[in-house]
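Observations on the model geometry
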Amino acid sequence: MEVIITGGQGFLGQELCRHLLKKGELKTSSGVMQEVQRICLFDNVAPATTSGVNAHPKVVIETGDLTNAETCQRLMRPNASVFHLAGVMSGAAEKDFDLGLRVNLDGTRNLLDACRAQGASPAPKFIFTSSLAVFGETYVEPGTPVGDTDKIVPKNTYGMTKACGELLVNDYTRKGFVDGRTARLPTVIVRPGLPNAATTSCYSGVIREPLHGVEAVLPIARDLPHPVTSTRALIANLVILHDATWPDRVDRALNLPSRPSSLQQLVDALYEVVAPAEHSKLGKIVDKEDSFLSGVVRGMGSHLSHERAKELGMLEVPNMATVVREFLEDFGEKTVVSNKRQRVA
């Protein structure tokens, strides 16, 4: 059993690798549980560190460009399961249309073609991470959640490229080239480290920065609800999606479990978790709304249902206070508050 993770040096790639090493096994395309023998972490940048999961004997580090078809052909191995996490984020894709197309669309097709070229039978599993950004112009009644099968009409370039990727996965699966599964990701919080290029990065920053005694700037309106998930739930659900027996239908996409939350609700959760005596240690939260960015987030939809995920037994997203506590437990070593613990290596 071998696994390839694109975007392997990113936050989610590293966390997925950590989870797979701990779990130890995955279900093959033949439906048999097997030990994971090799995990290839592929990215366009060299790893910042050779410690942690990057140093594990089962982990192989590869660097290259997904927009190069030959690179993808060399990367692929017979019957390897692919978790395709790499991509240009929403804000960057909106600013650079051509870059968004090359990486998110051409890069995805290059990977799918590389899987196809293996000619494996049964076809290898291909887990494609799409986004709630595929839902832009929606046709449901106000207040009604957007479901797995609602029409996708993106209102930004990032969402458009992800919608195209979903259709590619559907058809490559229909033709028997891959066993594709598409997960529409909500915004993942709370991400450690520096902010990324996603428009919704502040949904992590509003928790992360104050906990480190740093000022958090909010470019999105505080009252704008947006679907989010926790890191633990997201990673577990990607693995559940990989191992699941998919129903006999052409459509291979589903909404991952999410919970709508506004920035203000996240602030409230932060101050609920942190002891009142330590509120003065938290960094300031400053509102500097960018109407363009608020519009981009508003165009992603605010409330999703996830019936297909429920059918597959995926984990529900906990309340926001629990999400804050999980961040403190997993990544809170350098925060300024006392209710934290060191992460287990």
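Residues numbered from 1 in each chain as written. Predicted model: local features only at pLDDT ≥ 70, side-chain atom pairs only at ≥ 80, totals over all residues. Heavy atoms only, no water.

As recorded in an unreviewed UniProt entry, the protein chain goes by D-erythronate dehydrogenase and comes from Durusdinium trenchii.

Concerning helix α4 (residues 97-118)
Between its first and last C-alpha atoms α4 spans 31 Å; for 22 residues at 1.5 Å apiece the expected length is 32 Å, and the two agree. Taken as a whole, α4 has its buried residues at Gly100, Val103, Asn104, Leu105, Gly107, Thr108, Asn110, Leu111, Leu112, Ala114 and Cys115. Each element contacted by the buried residues of α4 is listed here: β1 (2-6), α2 (69-75), β6 (81-84), α3 (90-95), β7 (125-131) and α5 (157-174). Downstream of α4 by one or two residues, Gly119 has phi in the positive range, about 60 degrees. (Helix = DSSP H or I, 4+ residues; strand = E, 2+ residues; numbered from the N terminus. Expected span 1.5 Å × (residues − 1). Buried < 20%, exposed > 50% of the residue type's maximum accessible area, 1.4 Å probe, protein only. Contact = heavy atoms within 4.5 Å.)

Some thoughts on the environment of Gly299
Structurally, the position occupied by Gly299 is in the loop between α9 (291-298) and α10 (307-311). Taking relative accessible area as the criterion, Gly299 reaches 6% and is therefore assigned buried. For the pair Gly299 and Gly283, spaced 16 residues apart in the sequence, the C-alpha separation amounts to 30 Å. Look past the residues within four positions of Gly299 in its chain and what remains in contact with it is Phe135, Gly136 and Lys155.

Re the packing of aromatic side chains
Applying the stated criterion to the full structure yields 3 aromatic pairs. Seen in terms of ring centroids, Phe11 and Phe331 are 5.6 Å apart; in terms of plane orientation they differ by 70 degrees. Their pairing is edge-to-face. Within this pair, whereas Phe11 is found in helix α1 (residues 11-23), its partner Phe331 is found in helix α11 (residues 320-331), the two being separated by 320 residues in sequence. In this structure Phe11 comes out as buried when scored by relative accessible area, which is 17%. The class of Phe331 is buried, set by a relative accessible area of 14%. Between Phe327 and Phe331 the ring centres are 6.0 Å apart and the planes differ by 35 degrees, which places this aromatic pair in the tilted class. Linking Phe327 with Phe331, this pair stays in helix α11, spanning 4 residues, or about one helical turn. Three or more aromatic residues joined by ring pairs form one cluster here, namely Phe11, Phe327 and Phe331. (Phe/Tyr/Trp six-rings, centres within 6.5 Å; stacked < 30°, edge-to-face > 60°.)

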